[in-house]
Amino acid sequence: MYKKRFLVLFVLFSVLLLSGIVNGQKERVVSLPYFDTPGFTPYYWQPQHILAQGTIFEGLFGYAPDPKGLGGVKVVPVIAQSVTVSKDYKVWTFKLRKDKKWSNGDPVTAKDFEWSFRYYASPKIPDFPAWAGPHQFIENFWAVKSGALSEDKLGVKALDDYTLEIRLSQPRYDMKEWLCVAQGVPLHRKTVEADPQNWWRPGKIVVNGPYIPQSWTPGKDAVLVKNPNYVGERGNVDKIVLKFGGLGIQQYQAGELDAAFINTVPEYKFVKADPTLSKHFREDVMDLFWNGYQISRGFDPLMDNKKLRQALAMAIDREKLCNEVLGGRALPLSSYWPKGSPIGDKMKEIPFDVKKAQQLLAEAGYPGGKGLPTLVFYITGGGDPVVEFIVDQWKKNLGVNCIIENVESGLYWNSYVWANFTPEAKAGFTVIGAPMNNLEIGALFKNSDHTIWFFDYPASVKKRLNEYDKEYDAWLRKEGGQTEADWKPLIEKRNTLLAGFKKIVETEPEKLWREDLTRPPLWYEQFDELYEKWKAAKTPEEKTNYWRLAGRVITSQERFQVEYNGRNPSNKEAYRWRLRAVNRPFSEAVKIAHYALQIMQDQYWMVPVYLAKAQWVQNPKLEGLMLYKFSWGPAFFCFKYLNLKD
């Protein structure tokens, strides 16, 4: 009898102890708004990549709060204990902490990074977005990704359990910054190999960050709980509930959220007028973004007229837009970086000058807008007051007719705003919010370097580039490659292209560009390697695979040569300055980034209009909430710094 009572009391005590009631503690739960994430695979360019940065995963380096830092953050070592760099900035050697663990108790070692980085580079993940992470710079990455080289040829090696060496194909001065991003984190090998499709699901996932996903309901929420084996700085919050969608401010008032973003002018006015909410109000400038419009990514040669683009950019009253349309929730912006920033202070702004704009429009061949076809401004959703204002300004100030056309949301963002090209788009525009993706040198260009990659070419060249992109994809599905006859046209192209390639290398004046073009393994070396592998292949499947990969190498080189030779002069000059910026330390790059940015801005393909503010309400008891200002922001991230006061 006594034993039974003792057992019941013991179980009850244990439950109370775990819940924190006996020792006076109670579970600290914080509920926050978040994107409806499709899962927890860190390396895809989806919302979970923000969670992977210091919340559920950690890499060698990470972000920590720094009010004076760019984006309000600074880069700090996390799993890295120390790092040494070769004189040419191509070999980075990291000593790892020995106390870091996975959530199942396994130690985090250099071999975890070696395996994970080789896995990312392998053809097993054909849609791996290498442009969003550091792997694109690792030695032999592209050859491994194409299948021309095996995974063990990747420039990543665990020298011992706690020493990792990364060899780069080119100097990178900002590798520590690059390693903060989601693609810089390791995966738990045994878990991934045991279930390659579902390893990331709650109940299966093994992480090395301070919190581990406990549940995930698409369209509703995700729950994160403390990783019991985590070693490192962490606040006192036991559980984080991420709520997808919802009513924001109303949820906050009901106590369902501990923070909520303000999304509209009416919400802003409501919060400021409310005696309680106004005390919970927070605000910051999203200065890593610029917001404005871009020329549509179609092939209509009408928009090749620079004076037309310039006239449109100069005919917008940005001050009026921010005050009357955006209700004070934004600041006027006439260059990619605002005044008061080290880059913005060196840039010329686009003036608001209606008379000059009218003169430019006449010089473009359309005085008073006469003769100019009706343009199209593509939007998505129920309406866009910013676009309505801009279109109205063009009509009033220039006599330009522009209609607004609504496009389904997914199609709009994927095919009209961020696609390389949009063949179906008419002469016109889309909105764009262009941010820094991460804290690295290339991101100083805030995606305005899409001017280099996709805009600043004649329309006829853009159309050809799009055809090559389709051809590149089509090679994955082509049948053949079993005979020498199948290779003959590829070999002939290879030899013709080699002559064109040598001519480009000989005549390009920028040394850095020449070095970039001739960095091994060269495209024709990859092609020759695949040809040799094809000769030794033993199965029809292997032969077809090597032939397809070789076809992609040829198409890629054809595209490059059309791209290089088709660039407008301004494109080439901007690209040369961009190369000079990314090939020096971050602090030095900041000093010269404006040269490339100014050239891009002066082409008026991508036009800044305003700088948004992030505004939210926040539980006064909640501390350490970090605003994510990079791409996908505003959002909250790095939850390990959260503290909830009693």
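Residues numbered from 1 in each chain as written. Predicted model: local features only at pLDDT ≥ 70, side-chain atom pairs only at ≥ 80, totals over all residues. Heavy atoms only, no water.

(A) Quick look at the nonpolar core. Tyr293, Phe377 and Trp394 are the most contacted members of the largest nonpolar core, which has 199 residues in total. Counting residues per element, this core draws most heavily on helix H21 (residues 586-601), which supplies 9 residues. (Core = buried A, V, L, I, M, F, W, Y, C linked by side-chain atoms within 4.5 Å. Buried < 20%, exposed > 50% of the residue type's maximum accessible area, 1.4 Å probe, protein only. Helix = DSSP H or I, 4+ residues; strand = E, 2+ residues; numbered from the N terminus.)

(B) Structural context of the packing of helix H16 (residues 484-507) against helix H19 (residues 540-566). With their axes 10 Å apart at the nearest point, H16 and H19 run at an angle of 30° to one another. The angle between H16 and H19 places the two elements in the roughly parallel class. Remark: the crossing between H16 and H19 carries left-handed chirality. Taken together, the residues of H19 that come into contact with H16 (itself represented by Asp486, Trp487, Leu490, Lys493, Arg494, Leu497, Gly500, Phe501 and Ile504) are Tyr546, Trp547, Ala550, Gly551, Ile554, Gln557, Glu558, Phe560, Gln561, Tyr564 and Asn565. Among the residues making up the contact of H16 with H19, the classes are represented as 11 nonpolar, 5 polar and 4 charged. (Axes fitted to C-alpha atoms, helices over the stretch in contact; angles between N-to-C directions. Parallel < 35°, antiparallel > 145°, perpendicular 65-115°, else oblique. Left-handed = near helix turned anticlockwise from the far one by under 90°. Contact = heavy atoms within 4.5 Å. Nonpolar A, V, L, I, M, F, W, Y, C, P; charged D, E, K, R; others polar.)

(C) Layout of empty space enclosed by the protein. Throughout the structure, instances matching the rule amount to 3 cavities of 30 Å³ or more. Quantified by volume, the largest cavity comes out at close to 100 Å³. (1 Å grid on protein atoms, 1.4 Å probe; cavity = no way out; pocket = protein on both sides within 12 Å on 5 of 7 lines; lining within 4 Å. Points joined across faces, edges and corners; volume = space filled by probe spheres on them.)

(D) Broad picture of the side chain of Lys446. You can see Lys446 is positioned in the loop between strand E17 (428-435) and helix H14 (450-455). Despite its burial, Lys446 pairs with no opposite charge, the nearest such side chain being Asp287 at 7.0 Å. When residues no more than four places from it in sequence are discounted, the contact partners of Lys446 are Asp287, Leu288, Phe289, Trp290, Tyr336, Trp337, Pro338, Ala434, Pro435 and Met436. (Lys, Arg positive; Asp, Glu negative; His and termini not counted. Salt bridge = Lys/Arg side-chain N within 4 Å of Asp/Glu carboxyl O.)

(E) Spotlight on the layout of surface pockets. In this structure, the second largest pocket occupies an estimated 440 Å³ of space. Forming the boundary of the second largest pocket are 24 residues, of which Pro67, Gly71, Gly72, Asp284 and Lys629 lie nearest the centre. For the lining of the second largest pocket, the secondary-structure elements that each account for two or more residues are strand E12 (281-285), strand E18 (606-618) and strand E20 (626-628). Of the residues belonging to the lining of the second largest pocket, the class tally is 11 nonpolar, 6 polar and 7 charged.

(F) The arrangement of the sheet that holds strand E7 (residues 163-167) in detail. What the 4 strands build is an open sheet, ordered E4-E5-E7-E6; its pairing is antiparallel. Edge positions in the sheet fall to strand E4 (80-85) and strand E6 (156-160), since each has one partner strand and no second. Strand after strand, the sheet turns through a mean of 20° between neighbouring axes, direction not considered. Bridge count for E4 against strand E5 (residues 91-96) is 5 bridges, and the pairing is antiparallel. (Pairing = 2+ DSSP bridges.)

(G) Summary view of unusual backbone geometry. Of note, the amide linkage connecting Pro520 to Pro521 takes the cis form, showing an omega dihedral of -5°. Within the fold, Pro521 resides in the loop between helix H17 (511-517) and helix H18 (523-536). Omega for the bond connecting Gly633 with Pro634 falls within 30 degrees of zero, at 5°, which places this linkage in the cis form. One non-glycine residue, Asn447, lies in positive phi territory at about 65°. Within the secondary structure layout, Asn447 lies in the loop between E17 and H14. Under the relative-accessibility criterion, Asn447 is labelled buried at 14%.

(H) A look at the pattern of salt bridges. Scanning all chains against the criterion turns up 31 salt bridges. In this structure, Asp99 engages Arg97 in a salt bridge whose closest nitrogen and oxygen atoms are separated by 2.9 Å. One salt bridge connects Glu515 with Lys511, and the closest N-O pair in it is separated by 3.9 Å. Note that Glu515 and Lys511 are positioned in helix H17 at a spacing of 4 residues, about one turn of the helix. Residue Glu515 is classed as partly exposed on the basis of its relative accessible area, which comes to 34%. Overlapping salt bridges, with partners in common, bring together Glu58, Lys100 and Lys640 in one network.

(I) Structural view of the sheet that holds strand E8 (residues 211-217). Taken in spatial order, the 4 strands make up an open sheet running E1-E10-E9-E8, and their pairing is mixed. The open sheet is flanked by strand E1 (29-34) and E8, the only strands paired with a single partner. The mean inter-strand angle of the sheet, taken between neighbouring strand axes irrespective of direction, is 20°. Alignment of E1 against strand E10 (residues 239-244), held across 6 bridges, turns out to be parallel.

(J) H19, seen in detail. Spanning 27 residues, H19 covers 39 Å between terminal C-alpha atoms, matching the ideal 39 Å at 1.5 Å per step. Among the 27 residues in H19, 21 count as buried, and that is most of the element. (Expected span 1.5 Å × (residues − 1).)

(K) Seen up close, the pairing of E6. As paired strands, E6 and E7 are joined by 4 bridges and run antiparallel to one another. Looking at the pairing, Ala158 lines up with Leu164 of E7. Count of turn residues in the E6/E7 antiparallel hairpin: 2 residues.

(L) Spatial organisation of the packing of aromatic side chains. Counted according to the given criterion, the structure contains 54 aromatic pairs. Between Phe501 and Trp523, the ring centres sit 6.0 Å apart and the planes meet at 80°, which makes this aromatic pair edge-to-face. Pair noted here: Phe501 is in helix H16 and Trp523 is in helix H18, with a separation of 22 residues, a long-range link. On the basis of relative accessibility, which here comes to 10%, the residue Trp523 falls in the buried class. An aromatic cluster of at least three residues, connected via ring pairs, comprises Tyr43, Tyr44, Phe113, Trp115, Phe117, Tyr119, Tyr120, Phe128, Phe141 and Trp142. Sitting over the ring of Trp605, Arg309 keeps its end group 3.7 Å from the ring centre. (Phe/Tyr/Trp six-rings, centres within 6.5 Å; stacked < 30°, edge-to-face > 60°. Lys NZ or Arg CZ within 6 Å of the ring centre and 35° of its normal.)

(M) The arrangement of the environment of Lys176 in detail. Inspection of the secondary structure puts Lys176 in helix H5 (residues 175-178). Judged by its relative accessible area of 33%, Lys176 is partly exposed. Note: C-alpha distance between Lys176 and Val108 (68 residues apart in sequence) is 19 Å. With residues up to four places along the chain from it excluded, the contact list for Lys176 reads Phe61, Val75, Val83 and Trp92.

(N) Molecular detail of the environment of Ala589. Position of Ala589 among the secondary structure elements: in helix H21. Sequence spacing of Ala589 and Ser116 is 473 residues, and the spatial spacing of their C-alpha atoms is 30 Å. In this structure Ala589 touches Ile441, Leu444, Ala581 and Arg584, once residues within four positions along its chain are discounted.

(O) View of the side chain of Arg548. With respect to the element layout, Arg548 can be found in helix H19. On the accessibility criterion, Arg548 (19% relative accessible area) is buried. At a separation of 3.2 Å, a polar atom in the side chain of Arg548 contacts the main-chain carbonyl oxygen of Leu476. Here Arg548 is in contact with Trp475, Leu476, Arg477, Lys478 and Glu479, once residues within four sequence places are set aside. (Polar contact = N/O pair within 3.5 Å; in protein donor to acceptor, adjacent residues only side chain to side chain.)

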